[in-house]
Amino acid sequence: MRDFVILTDSCCDFSAQMVEELELSVLPLSFVMEGAEYFNYPDNRDIAPGEFYRRLRDGALGTTAAINPGTFHDAMEPIVRSGRDILCVSFSSGLSTTYQSACIAAGEVQAANPGSRILVVDSRAASLGQGLLVYLTVQEKRKGRSIEEVRDFVERTKGHICHWFTVDDLNHLKRGGRVSAAAALVGTMLQMKPVLHVDDEGHLIPVSKVRGRKASVKALLDKMDELVEDPGVVFISHGDCEEEAVALGEAIRAKYPVERLEINYVGPVIGNHSGPGTLALFFQGKHK
């Protein structure tokens, strides 16, 4: 059985330490802010998360870009030429064209390297929801499963990765077209906080609005109570509000037998649209 590499992209929002631990190959998405282009590397070599969120708070706006087929091609070709196959788990096609780029490159590289296998899966996930799916994928690979068996596991599991999050400032969602200008104005005046999730198609969907931050954080816990199927691994990401993320993790640990809980920043590609103060909870549930 040929060895294979698990390839993903930086919208998994893993730290450099997690990338090393899980032996992943991670390609960065990019964004432009204040006239400069930055790549979203897991080690934050181009821009630190705190600096990115400081600029957002000061009014800077960014534009984000998917990974193009050429970048995937350049990453995939040396791997298959080394005799290994590739399982690529990509950022949701409902939010980016990154998945389509990976499919185009996979077809080209396989055509040029007969006998190679490159399997591409649309995670229909984002941030540490994508990260949770990739983490579970690595655990399956480490059980000695074949690339096809692991691919099938990813396809079965991705519909059970729950993404529930809230944001602190409706204006970032307004700029991304997720809420209307009128709703953002009224919601801001009334201190309304939206609760959103990522649906089965990988789209970002507003679900409800509650008044005040405490209520919106409680809504995340309530959703976990309603949907959780396996609380063993829980991931939390945040838009520069680490104390709240830690408090949410402690509340979950007090209630569930969590074996692993990881907390990290919402990366700049997603954070550009969700804004500072985003708090997101990811777990395995009955359904999304």
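In this report, the structure presented in the accompanying data block is examined. (Residues numbered from 1 in each chain as written. Predicted model: local features only at pLDDT ≥ 70, side-chain atom pairs only at ≥ 80, totals over all residues. Heavy atoms only, no water.)

Focus on the overall build of the protein chain
From N to C terminus, the protein chain includes 11 helices and 13 strands. For a compact globule of 288 residues, the expected C-alpha radius of gyration is about 19 Å, and the protein chain comes in at 19 Å, within 12% of that figure. Projected onto the principal axes, the alpha-carbon positions of the protein chain cover approximately 60 × 45 × 30 Å. A total of 288 residues make up the protein chain; the buried ones form 54% of that total. For the protein chain, restricting intrachain contacts to residue pairs at least 6 apart in sequence, the fraction spanning at least 24 positions comes to 76%. (Helix = DSSP H or I, 4+ residues; strand = E, 2+ residues; numbered from the N terminus. Rg over C-alpha atoms; globule rule 2.2 N^0.38 Å. Buried < 20%, exposed > 50% of the residue type's maximum accessible area, 1.4 Å probe, protein only. Contact = heavy atoms within 4.5 Å.)

As for the pattern of salt bridges
For the structure shown, the criterion picks out 24 salt bridges. A salt bridge links arginine 57 to aspartate 240, with the shortest nitrogen-to-oxygen separation between them at 2.8 Å. With a gap of 183 residues between them, arginine 57 in helix H2 (residues 49-57) and aspartate 240 in the loop between strand S11 (228-238) and helix H10 (242-255) connect regions that are remote in the sequence. Residue classification places aspartate 240 among the partly exposed positions, given a relative accessible area of 25%. Put simply, lysine 223 and glutamate 226 hold a salt bridge, and the shortest N to O gap is 3.3 Å. One end of the pair is lysine 223 and the other is glutamate 226, both in helix H9 (residues 213-227) and three residues apart, which spans about a single turn. Relative accessible area serves as the criterion here: at 45%, glutamate 226 is assigned to the partly exposed category. In this structure, a network of salt bridges that share partners links the residues Glu34, Glu51, Arg54, Arg55 and Asp58. (Salt bridge = Lys/Arg side-chain N within 4 Å of Asp/Glu carboxyl O.)

Notes on the nonpolar core
If you look at the biggest cluster of nonpolar residues, it comprises 34 residues, and the most contacted ones within it are Phe14, Leu24, Leu87, Tyr135 and Phe235. Counting residues in hydrophobic clusters, the runner-up holds 32 residues, among them Phe52, Leu56, Val80 and Ile118. (Core = buried A, V, L, I, M, F, W, Y, C linked by side-chain atoms within 4.5 Å.)

Thoughts on H10
In a regular helix each residue adds 1.5 Å, so 14 residues correspond to 20 Å; H10 covers 20 Å between its end C-alpha atoms and thus fits that length. Within H10 the residues assigned to the buried category are Ala245, Leu248, Gly249 and Ile252. Down the axis, H10 shows its buried residues gathered within 100° of arc, on one side only. The exposed residues of H10 that point more than 90 degrees off its buried face are Glu243, Glu250 and Ala254. Buried residues in H10 make contact with H9, S11, strand S12 (260-265) and strand S13 (279-285). (Expected span 1.5 Å × (residues − 1). Arc of directions from axis to C-beta.)

Some remarks on the packing of helix H5 (residues 127-141) against helix H6 (residues 147-157)
At a minimum axis distance of 10 Å, the contact between H5 and H6 shows a crossing angle of 145°. Considering the relative orientation of H5 and H6, their crossing is right-handed. Each of Leu133, Leu136, Thr137, Glu140 and Lys141 in H5 lies in contact with H6, whose residues at this interface are Val150, Phe153, Val154 and Thr157. Here the residues of the contact of H5 with H6 are counted per class, giving five nonpolar, two polar and two charged. (Axes fitted to C-alpha atoms, helices over the stretch in contact; angles between N-to-C directions. Left-handed = near helix turned anticlockwise from the far one by under 90°. Nonpolar A, V, L, I, M, F, W, Y, C, P; charged D, E, K, R; others polar.)

Considerations on helix H3 (residues 69-81)
Think of an α-helix as 3.6 residues a turn; residues three or four steps apart then line up on the same face. A rise of 1.5 Å per residue sets the reference length of H3, with its 13 residues, at 18 Å; its end C-alpha atoms lie 18 Å apart and thus fit the reference within 8%. Taken as a whole, H3 has its buried residues at Phe72, Ala75, Met76, Glu77, Ile79 and Val80. Packed against the buried residues of H3 are strand S1 (4-9), strand S2 (25-27), strand S6 (85-90), helix H4 (98-112) and strand S7 (118-122). Where H3 begins, the side chain of asparagine 68 points an oxygen toward the backbone nitrogen of glycine 70, at a separation of 3.1 Å. Just beyond H3, the residue with positive phi is glycine 83, at close to 95°. (Polar contact = N/O pair within 3.5 Å; in protein donor to acceptor, adjacent residues only side chain to side chain.)

Side note on the sheet that holds strand S4 (residues 36-39)
In any sheet, the strands associate via hydrogen bonds between backbone groups, in a parallel or an antiparallel arrangement. Spatially, S4-S3-S5 is the arrangement adopted by the three strands of the open sheet, whose pairing is antiparallel. Edge positions in the sheet fall to S4 and strand S5 (62-65), since each of these pairs with one other strand and no more. Geometrically, the sheet is characterised by an average inter-axis angle of 25° between neighbouring strands, direction not taken into account. (Pairing = 2+ DSSP bridges.)

Interpretation note: all reported values are geometric properties and have no functional meaning in isolation.
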